[in-house]
Amino acid sequence: MTEAIHRAILFVDISGSTQLYEQLGDAQALARVEACLRLLQAVTEELAGRVVKSTGDGLMCAFDDAVPAMQTARAMQLRVFEQRALGGPTLAIHVGCHYGPTLESGGDLYGDAVNVAARMAGVAKVGQIIATQDVVARLGGPLREKTRPLDRVAVKGRREQVEIHEFVWQDSAELTILSSTLTEERVPRLRLAAGGRELWFDGSGAGAVTLGRDATCDIVLDDRKASRQHARIERRRDKFVLADHSSNGTFVQIAGEPEIALRREELVLRLRGRIALGHRTGDPEASVVEFSCE
């Protein structure tokens, strides 16, 4: 049996990418997002962290302890801010971190700590770093002094709410100024259409949209290759994330891009496209869900 190892898990997501695709078009926007992701990966590796995987417009990273994780989170914010100050991509990031036991399989990490860290990134606003009490408790004096308690939030799968803190990465007043185009975020909506039915999702109310064969799913597809609870879509900040939980995989084709096969993986949905459960999107037997981000 695989032994659980305590790690600091950090999720970093790019804010403002949706607007960037609208303003610059797919090719230029994608180039800027990829450049930002390379920058974030380089910072992680410089500070003894490991990039576990890409989450579309973000990264999941792992560290042996909370101290290098918070040092990396701060360095990420500073480096992205410096790029903006030099006239670089109009992007910002938000970061979430938690420390706890994780299980590793096939190069990926699993467990409650991963789920909590992802939730912290979802809570974080543009330009913010959010950490749990488990992280703060492992920080030394200088780093701990940069934290301030914020609130307690609910996390799926936990009975008790989680205490969260903000890690203040700014060293001077001018760094607190972020573009109003990023801080005044419009509420995104996701349109899903399948079998003559249309569903709009903005993340309010229900926490996710479920897809599968089971009658309790929000979008029910009567397909023998679809699992009962095949996949789910969550809103995380300004993005919609599709997570596959199936046996046969989920196939996604974003307009103008090659098809992507997900197997127990996640993908940020962008622009518009097609989703198929257990089949390729072009398979005549596939029950296809069309989506558009608005």
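Preceding this section is the structure that the text describes.
If you're wondering where the values come from, they're calculated on a predicted model, not measured in any experiment. (Residues numbered from 1 in each chain as written. Predicted model: local features only at pLDDT ≥ 70, side-chain atom pairs only at ≥ 80, totals over all residues. Heavy atoms only, no water.)

Undergrad: Would you mind going over the overall build of the protein chain with me for this structure?
TA: Along the protein chain, the regular secondary structure elements total 7 helices and 19 strands. With 294 residues in all, the protein chain has 48% of them scored as buried. A separation of at least 24 residues holds for 58% of the contacts in the protein chain among residues at least 6 apart in sequence. For the protein chain, the exposed area adds up to about 14,100 Å²; of that, 48% sits on carbon and sulfur atoms. (Helix = DSSP H or I, 4+ residues; strand = E, 2+ residues; numbered from the N terminus. Buried < 20%, exposed > 50% of the residue type's maximum accessible area, 1.4 Å probe, protein only. Contact = heavy atoms within 4.5 Å. Areas by Shrake-Rupley, 256 points an atom, 1.4 Å probe, with all protein chains shown as cover.)

Undergrad: Just checking my understanding: could you explain the packing of aromatic side chains for this structure?
TA: Think of a pair of aromatic rings as described by two things: how far the centres are apart, and how the planes are tilted against each other in angle. Here the structure, examined in full by the defined rule, presents 2 aromatic pairs. Directly above the aromatic system of tryptophan 200 lies the positively charged group of arginine 189, at a separation of 4.1 Å from the ring centroid. (Phe/Tyr/Trp six-rings, centres within 6.5 Å; stacked < 30°, edge-to-face > 60°. Lys NZ or Arg CZ within 6 Å of the ring centre and 35° of its normal.)

Undergrad: Help me out: how do you make sense of the environment of valine 168 in this one?
TA: One can find valine 168 in the loop between strand E8 (162-167) and helix H7 (180-183). Residues valine 168 and arginine 74, spaced 94 residues apart in sequence, show a C-alpha to C-alpha distance of 8.3 Å. Residues within four places of valine 168 in sequence aside, it is in contact with Lys146 and Arg148.

Undergrad: Got a minute to help me understand the side chain of threonine 250 in this structure?
TA: Within the secondary structure, threonine 250 sits in strand E15 (residues 250-254). Only 3.1 Å separates the side chain of threonine 250 from the side chain of histidine 230, close enough to count as a polar contact. One polar contact links threonine 250 to aspartate 244, side chain to side chain, over a distance of 2.6 Å. Not counting chain neighbours up to four residues away, the residues in contact with threonine 250 comprise His230, Ala231, Leu242, Asp244, Ile260, Ala261, Leu262, Ile275, Ala276 and Leu277. (Polar contact = N/O pair within 3.5 Å; in protein donor to acceptor, adjacent residues only side chain to side chain.)

Undergrad: What's the story with the pattern of salt bridges in this structure? I'm lost.
TA: Should the charged atoms of two oppositely charged side chains come close, the side chains can pair. The full count for this structure, using the stated rule, is 12 salt bridges. A salt bridge links arginine 158 to aspartate 112; its shortest N-O distance comes to 2.6 Å. Of this pair, arginine 158 sits in the loop between strand E7 (147-153) and E8 while aspartate 112 sits in helix H4 (residues 112-123), placing them 46 residues apart in sequence. By relative accessible area, aspartate 112 is classed as partly exposed at 32%. A salt bridge links arginine 148 to glutamate 166; the shortest N-O distance between them is 2.6 Å. Here the residue arginine 148 occupies a position in strand E7, and glutamate 166 occupies one in strand E8, the gap between them amounting to 18 residues. Here the salt bridges do not stand alone but share partners, grouping Arg7, Arg50 and Glu104 into one network. (Salt bridge = Lys/Arg side-chain N within 4 Å of Asp/Glu carboxyl O.)

Undergrad: Whenever I open this one, the nonpolar core confuses me. Can you help?
TA: Across soluble globular proteins, nonpolar side chains show a tendency to be buried alongside one another. Of all hydrophobic cores here, the largest spans 36 residues; its most connected members are Leu10, Val12, Leu40, Met70, Met76 and Ile93. Of all the secondary structure elements, the ones that give two or more residues to this core are strand E1 (5-15), helix H1 (17-24), helix H2 (26-46), strand E3 (58-63), helix H3 (66-85), strand E4 (92-105) and strand E6 (129-132). Ranked by residue count, the leading element in this core is H3, at 8 residues. Not counting residues up to four positions away in its chain, the partners in contact with valine 12 are Leu40, Asp57, Gly58, Leu59, Met76, Ile93, His94 and Val95. (Core = buried A, V, L, I, M, F, W, Y, C linked by side-chain atoms within 4.5 Å.)

Undergrad: What is the right way to look at the sheet that holds strand E17 (residues 266-269) in this model?
TA: Strands pair in a sheet through their backbones, by hydrogen bonds, and they do so in one of two ways: parallel or antiparallel. Taken in spatial order, the 5 strands line up as E12-E11-E13-E14-E17 in an open sheet, and their pairing is mixed. Only two strands of the sheet have a single partner each, and these edge strands are strand E12 (219-220) and E17. One ladder, built from 4 bridges, connects strand E14 (residues 239-244) with E17; its direction is antiparallel. Bridging across to E17, phenylalanine 240 finds its partner in leucine 269. (Pairing = 2+ DSSP bridges.)

Undergrad: Help me understand the packing of H1 against H2 in this model?
TA: Geometry of a packed helix pair, given as the angle between the helix axes and the separation of the axes. As a packed pair, H1 and H2 sit with axes 7 Å apart at the nearest point and diverge in direction by 145 degrees. For the pair H1 and H2, the crossing hand works out as right-handed. Contact residues: Ser17, Leu20, Tyr21 and Leu24 in H1; Asp26, Gln28, Ala29, Leu30, Arg32 and Val33 in H2. Looking at the contact of H1 with H2 residue by residue, the classes come out as 6 nonpolar, 2 polar and 2 charged. (Axes fitted to C-alpha atoms, helices over the stretch in contact; angles between N-to-C directions. Left-handed = near helix turned anticlockwise from the far one by under 90°. Nonpolar A, V, L, I, M, F, W, Y, C, P; charged D, E, K, R; others polar.)

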